[in-house]
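Close look at the chain arrangement
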Amino acid sequence: MDASKKPRSDDLLVLLAVARAGRYARAAEQLGVDHTTVSRRIDALEETLGGRLLTQASGGWELTPLGSRAVDVAGRIEAAVAALTRPEAEADPIDGVVRMSATDGFSAYIAAPAIAALRREHPGLSVEILTVTRRALQHRSGLDIEIVVGRPETRRAHTVELGSYALGMYASHDYLERNGTPTTPDQVFAHPLVYFIDSILQVDDLDLPRRLAPQMRDALTSTNVFVHVEATRAGAGIGLLPCFMADRHDDLVRLLPDQLHATLPYWMVVHPDSLRHPAVAAVAHALREGARDAADILAGRSAGRQASAT
């Protein structure tokens, strides 16, 4: 790094936007500029700091160690600017922005109500949730908290198992009326599957159908589990669905629950630097409590409809 050159604060904030969004185009849209402007700002910042800040990964851009240090500085700049707009009398330490990522279902049914309750006590708190299904990132990426499926293999991070959730095979009433109700696993496996896109699945633990029933052909696949639920309700095929999402719908029937089931763990990853902030610690605690309170629902012990084998 050339000591005579100082990084520009607006370039650091552009890097922060890329770190949060994971992609130049998405960051550009959020900043209200074009893709080339973002690229040019990142190039200028790398030249000033004397090294690469971002590295290409399967899910977008991830930060290098130098990039992580730069993002930490950018976050402090953003917080300082935000503090100027708050009343001096405001003393609640649980305020500001907390950034997290989580799977679609966890975000909607665990994180959202937990954070809503927390904000009733701390209205200065703002939480940004990026919905993704991927492994925990090895380097900091502008996120304070990550919720992932499966034990994370990450270094220098605080990890907590939040509990497990159950998955089962589901079909709609209409689908079963048209195609018959399977009464054995082999009969289930003869139907088309609604699930994740196998070629871009990033979480090994979610490769369940390929191990459970490799003969099932894909009917409709998506990166979004809400699409899985709605496609199954629409009769696209038999869906391997989280029970805590599928059991909310009376038009879905769970097939052979004693024979066709799986359980996967949710883990929370909190970066040590972030955990020192009261707001991050409060959100992490709220997520743990939310997952604990929903343990029975996550485990599939709610009253879902089941197909009769007779």
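Read on for an overview of the structure. (Residues numbered from 1 in each chain as written. Predicted model: local features only at pLDDT ≥ 70, side-chain atom pairs only at ≥ 80, totals over all residues. Heavy atoms only, no water.)

**As for the packing of aromatic side chains**
We count it as follows: Whether two aromatic rings pair depends on their centres lying within 6.5 Å, for rings of Phe, Tyr and Trp, where Trp uses its six-membered ring; planes under 30 degrees apart make the pair stacked, over 60 edge-to-face, and the rest tilted. Working definition: helices are DSSP H or I runs of at least four residues, strands are E runs of at least two. Numbering for both runs from the N terminus. Note on exposure labels: buried denotes an accessible area under 20% of the residue type's maximum, exposed denotes more than 50%, and partly exposed covers the range between, all computed with a 1.4 Å probe on protein chains only. We call a charge positioned over a ring when the NZ of a Lys or the CZ of an Arg lies within 6 Å of the ring centre and within 35 degrees of the ring normal.
Throughout the structure, instances matching the rule amount to seven aromatic pairs. Centroid distance Tyr109 to Phe244: 6.2 Å. Interplanar angle 90°. Geometry classified as edge-to-face. Taken together, the positions of Tyr109 in helix H5 (residues 104-121) and Phe244 in helix H10 (residues 243-246) put the pair 135 residues apart, joining distant regions of the chain. Note on Phe244: relative accessible area 3%, which makes it buried. Between the aromatic rings of Tyr165 and Phe244, the centroid separation amounts to 6.0 Å while the plane-to-plane angle is 90°, which identifies the pairing as edge-to-face. Residue Tyr165 is found in strand S6 (residues 158-172), and its partner Phe244 is found in helix H10; the two are separated by 79 residues along the sequence. Exposure class is identical for Tyr165 and Phe244. Each is buried. Here a set of aromatic residues connected by ring pairs shows up, and it is made of Phe106, Tyr109, Tyr165, Phe226, Phe244 and Tyr266. In this structure, Arg248 packs its charged tip against the face of Tyr109, placed 3.7 Å from the ring centre.

**Section: the pattern of salt bridges**
Using the following cut-off: One side-chain nitrogen of Lys or Arg within 4 Å of one carboxyl oxygen of Asp or Glu is enough to make a salt bridge.
Taken as a whole, this structure holds 10 salt bridges when the rule is applied. The shortest N-O distance in the salt bridge between Arg52 and Glu46 comes to 3.5 Å. We classify Glu46 as buried; its relative accessible area is 13%. Here Arg233 makes a salt bridge to Glu230, at a shortest N to O gap of 3.3 Å. Remark: Glu230 and Arg233 occur in helix H9 (residues 225-233); sequence separation between them is three residues, near one turn of the helix. Exposure remark for Arg233: the relative accessible area of 28% places this residue in the partly exposed category. A relative accessible area of 40% means that Glu230 is categorised as partly exposed. Overlapping salt bridges, with partners in common, bring together Arg8, Asp10, Asp11 and Arg41 in one network.

**Here we look at helix H3 (residues 35-49)**
Short version of the rule: To estimate the expected span of a helix, subtract one from its residue number and multiply by 1.5 Å.
The terminal C-alpha atoms of H3 lie 21 Å apart, and with 15 residues this matches the ideal 21 Å at 1.5 Å per residue to within 8%. Among all positions of H3, only Thr37, Val38, Ile42, Leu45, Glu46, Thr48 and Leu49 are buried.

**A few points about the packing of helix H2 (residues 24-31) against H3**
Test applied: Note on geometry: axes are C-alpha line fits, over the in-contact stretch for helices, and angles between N-to-C directions span 0 to 180 degrees. Angles are sorted into four bins: roughly parallel if under 35 degrees, roughly antiparallel if over 145, roughly perpendicular if 65 to 115, and oblique for all others. Contact between two residues is taken to exist if any of their heavy atoms lie within 4.5 Å; hydrogens are not considered. Three categories are distinguished: nonpolar for Ala, Val, Leu, Ile, Met, Phe, Trp, Tyr, Cys and Pro, charged for Asp, Glu, Lys and Arg, and polar for the others, with Gly belonging to the last.
Close contact between H2 and H3 brings their axes to 8 Å; oriented N to C, the two are set at 105°. The orientation of H2 with respect to H3, classified from their angle, is roughly perpendicular. Here Tyr24, Ala25, Ala28 and Leu31 of H2 come into contact with H3, specifically with His35, Val38, Ser39 and Ile42. Looking at the contact of H2 with H3 residue by residue, the classes come out as six nonpolar, two polar and no charged.

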